[in-house]
Amino acid sequence: MIVTLNNKCNLTRQEFLSYKKQLQQIKTDVTLILCPCSLFLNDIDLDNIKIGAQNVSCTECGSYTGEISATQLKSMNVSYCIVGHSERRKYQQETNREINEKIKNLLKVNIIPILCVGEEKEERQKQIEKQVITKDLEEATQGLSEEEKSKIIIAYEPIWSIGTGIIPQIREIDDVVELMKDKFPNNKILYGGSANEENIETLNQISKIDGYLVGGLSLKPEQLKIFLKKLKK
Ligand code: 13P
């Protein structure tokens, strides 16, 4: 099982350093991937945790003020990188074409992309979630070989579930995971959206899942420990 911790734009460096000490005490056989604010990537030196980034540039190194390239992430020992998070699609107007570029740049330097896809509430109400997810997956992985595609970790994050405390019904998650496994049989699939230590027993009922992508929970090490203990391995 994989649990990816997406800190989003939270914590000052001082707060991050004390948070890191708490994470250091976690003993688990789950693969933990920590995706902090990029400024703190160099501060991660934990045996029990792999390093992930929250974003990468569409471009290679060059005259692109403010960007961080895949090559630069690699030089910071980053092994994973989130791409296509709904918050970036919404607030930075990130497109599938850009996400596709990012994935290609990451794969070139052997960083595993964690590709997020998920539907809006209205899209689920209109029962078009599968079309939305299929389109995003196809466009984001355009031009990749089957081998390259299989390296990507896919995260199903229904947008209406992120940070709301609402999780979909297990049947709804199962249906989307099945669709993903059908199109991407060799890929690891995560669920993200309000997963926490209280609802993990319910989420444990998902038939086939390889782990979770957590936001709010990532910032609460004590609750995270309980989550990891309850997690069905
Ligand atoms: P929450 O766990 O806070 O709902 O966030 C999920 C998420 O967006 C992880 O990428």
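Just so it is clear, the structure is predicted and the values come from calculations on it, not from any experiment.

### Focus: helix H6 (residues 129-140)
Stage number 1. The end-to-end C-alpha separation of H6 is 16 Å, in line with the 16 Å expected for 12 residues at 1.5 Å each.
Stage number 2. Where H6 is buried, its residues meet helix H3 (86-91), helix H4 (96-108), strand E5 (112-117), helix H5 (121-125), strand E6 (153-156) and helix H8 (170-183).

### Points about the side chain of Ser218
Stage number 1. Here Ser218 is to be found in the loop between strand E8 (211-214) and helix H10 (221-230).
Stage number 2. Given a relative accessible area of 0%, Ser218 falls into the buried group.
Stage number 3. Of the polar contacts made by the side chain of Ser218, one reaches the backbone oxygen of Gly215; its length is 2.7 Å.
Stage number 4. Apart from the residues lying within four places of it in its own chain, the contact partners of Ser218 are Leu5, Asn6, Asn7 and Tyr19.

### Looking at the sheet that holds E8
Stage number 1. Here we have eight strands rolled up into a closed barrel, ordered E1-E2-E3-E4-E5-E6-E7-E8, and parallel in their pairing. Taken pair by pair, the neighbouring strands of this sheet meet at an average axis angle of 25 degrees, ignoring direction.
Stage number 2. Bridge analysis of strand E1 (residues 2-6) against strand E2 (residues 31-35) gives five bridges, and the strand direction is parallel. Directly across from Thr4, in E2, lies its bridge partner Ile33.

### A word on the environment of Gln24
Stage number 1. As for its position among the elements, Gln24 is in helix H1 (residues 13-24).
Stage number 2. Apart from the residues lying within four places of it in its own chain, the contact partners of Gln24 are Leu46 and Asn48.

### A closer look at the pattern of salt bridges
Where charged atoms from two side chains of opposite charge come close, those side chains can pair.
Stage number 1. Counted under the stated rule, the structure contains 16 salt bridges.
Stage number 2. Residue Glu147 is joined to Lys151 by a salt bridge in which the shortest nitrogen-to-oxygen separation is 3.9 Å.
Stage number 3. For Lys151, a relative accessible area of 37% gives the class partly exposed.
Stage number 4. Of the charged contacts in the structure, one is a salt bridge between Lys230 and Glu201, with a shortest N-O distance of 3.7 Å. Taken together, the positions of Lys230 in helix H10 and Glu201 in helix H9 (residues 200-203) put the pair 29 residues apart, joining distant regions of the chain.
Stage number 5. Taken together, the shared-partner salt bridges connect Glu119, Arg124, Glu129 and Glu172 into one network.

### Focus on the packing of H1 against H10
Stage number 1. For the pair H1 and H10, the least separation of the axes is 10 Å and the interaxial angle reads 25 degrees. As the angle between them shows, H1 and H10 are arranged roughly parallel. Seen along the crossing, H1 lies across H10 with a hand that is right-handed. Contacts from Tyr19, Gln22 and Leu23 in H1 reach Pro221, Glu222 and Leu224 in H10.
Stage number 2. Tallied by class, residues from the contact of H1 with H10 come to four nonpolar, one polar and one charged.

### Some words on the environment of Glu15
Stage number 1. With respect to the helices and strands, Glu15 occurs in helix H1.
Stage number 2. Remark: the alpha-carbon pair of Glu15 and Leu137, spanning 122 residues in sequence, is separated by 36 Å.
Stage number 3. A polar atom in the side chain of Glu15 sits 2.8 Å from the backbone nitrogen of Thr12.

### Here we look at the site of the ligand
Stage number 1. For the ligand, the set of nearby residues contains 13 residues, the closest of which are Lys8, His85, Gly163, Ser194 and Gly216.
Stage number 2. Contacts to the ligand include Glu157, whose side-chain N or O atom sits 3.0 Å from an oxygen atom.
Stage number 3. Coverage of the ligand by the protein amounts to 95% of the 310 Å² it exposes when considered alone.

Scoring rules and cut-offs
- Every chain begins its residue count from 1, and numbering advances along the sequence as written.
- In view of the model being predicted, local features appear only for residues whose pLDDT reaches at least 70, and side-chain atom pairs are presented and counted only at 80 or more, with totals across whole chains, interfaces and linings using the full set of residues.
- The side-chain numbers reported here are obtained from all heavy atoms of the structure, hydrogens and water having been left aside.
- To qualify as a helix, a DSSP run of H or I must reach at least 4 residues; to qualify as a strand, a run of E must reach at least 2; elements of each kind are numbered from the N terminus.
- Given a helix with a known number of residues, its expected span is that number minus one, times 1.5 Å.
- The criterion used for residue contact is that any of the two residues' heavy atoms lie within 4.5 Å.
- Three exposure classes are used, based on accessible area relative to the maximum for each residue type with a 1.4 Å probe and protein chains only: buried under 20%, partly exposed in between, and exposed over 50%.
- Identification of polar contacts relies on pairs of N or O atoms within 3.5 Å, with a donor-acceptor requirement for protein atoms, meaning one able to donate a hydrogen and the other able to accept it, and with residues adjacent in sequence counted only if both atoms are side-chain atoms.
- A pair of strands is labelled paired if DSSP reports no fewer than 2 bridges between them.
- Note on geometry: axes are C-alpha line fits, over the in-contact stretch for helices, and angles between N-to-C directions span 0 to 180 degrees.
- Within this document, salt bridges are pairs made up of a side-chain nitrogen of Lys or Arg and a carboxyl oxygen of Asp or Glu, the two lying within 4 Å of each other.
- Just so you know how the angles are binned, under 35 degrees is roughly parallel, over 145 roughly antiparallel, 65 to 115 roughly perpendicular, and the rest oblique.
- In a left-handed crossing the near helix is turned counterclockwise from the far helix by less than a right angle, and in a right-handed crossing that turn is clockwise.
- Only Asp, Glu, Lys and Arg are considered charged in this grouping, and only Ala, Val, Leu, Ile, Met, Phe, Trp, Tyr, Cys and Pro are considered nonpolar; every other residue, Gly among them, is considered polar.
- We call a residue near a molecule or strand whenever a single non-hydrogen atom of that residue lies within 4 Å of it.
- Surface accessibility in these figures is a Shrake-Rupley result with a 1.4 Å probe; residues are shielded only by whichever protein chains are displayed.

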